[in-house]
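# Coordinate analysis (summary)
Below are the chains, spelled out letter by letter.
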Amino acid sequence: EFLHTSYPRLVAAVALTSGSRPAAEDAVQEAMLRAWERSERGDSIESLNAWVATVALNLARSGLRRVIAERKARSRLQSVAGADLIGPERVDVERALAKLPRRQRESVVCRYYLGMDTKEIAKVLKVSEGTVKSTLFRARAALAVSLGVDEDEEANDRGAR
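As the structure is a prediction and not an experimental result, all values here were calculated from the model.

Conventions adopted
- Residues numbered from 1 in each chain as written.
- Predicted model: local features only at pLDDT ≥ 70, side-chain atom pairs only at ≥ 80, totals over all residues.
- Heavy atoms only, no water.
- pLDDT = per-residue confidence, 0-100.
- Helix = DSSP H or I, 4+ residues; strand = E, 2+ residues; numbered from the N terminus.
- Contact = heavy atoms within 4.5 Å.
- Salt bridge = Lys/Arg side-chain N within 4 Å of Asp/Glu carboxyl O.
- Buried < 20%, exposed > 50% of the residue type's maximum accessible area, 1.4 Å probe, protein only.

### Concerning the confidence of the model for the chain
When the pLDDT values of the chain are averaged, the result is 80; 76% of them are 70 or greater. At the low end of the mean pLDDT range in the chain sits helix H8 (residues 151–160), at 47; at the high end sits helix H7 (residues 129–147), at 91. In this model, residues 153–161 is a region of pLDDT below 50 whose contacts with residues beyond four sequence positions or in other chains number one contact.

### Things to note about the pattern of salt bridges
A complete count under the given rule lists four salt bridges for this structure. When the shortest N-O distance is used, the salt bridge between Glu30 and Arg34 registers 3.0 Å. Of the two residues, Glu30 and Arg34 both sit in helix H2 (residues 21–40), four residues apart, roughly one turn of that helix. Looking at Glu30, the relative accessible area reads 30%, which means it is partly exposed. One salt bridge connects Glu106 with Arg102, and the closest N-O pair in it is separated by 3.0 Å. Of this pair, Glu106 and Arg102 both sit in helix H5 (residues 102–113), four residues apart, which is roughly one turn of the helix. Accessibility expressed as a relative area gives 28% for Glu106, which makes it partly exposed.

Here it is in structure tokens:
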């Protein structure tokens, strides 16, 4: 009964607030899943409509904030990356970054594109500074292989400057 009567109205309502029907459908479906899980645990929900609406609206808000933050971050990254690298080199770096595991990629971007130190990266990624250092070490090694750069040669070049 809920799916036939309340679901379409909830999706429409969340779509009006979020501006995206697909995002609204995702949010309402996730809220319904969470309601189902609660009921499986034996928790009771007084008003399913109100509970699902509240959770779906919160999920849609979170998604919207995330999309905006990602869009801003991408824009900043493109302007910074675009200033340093042009043409084929930029494409090579982007491809090499895309091959890295998520945490390595995030660490590299925070360190080299956003200029954060290890303490700041640790705070952003919610890991220890030691984890950041080892993650950056592994990421640099993987990038060197991917880009065909000899790290020892690169370090000697930097030391000679």
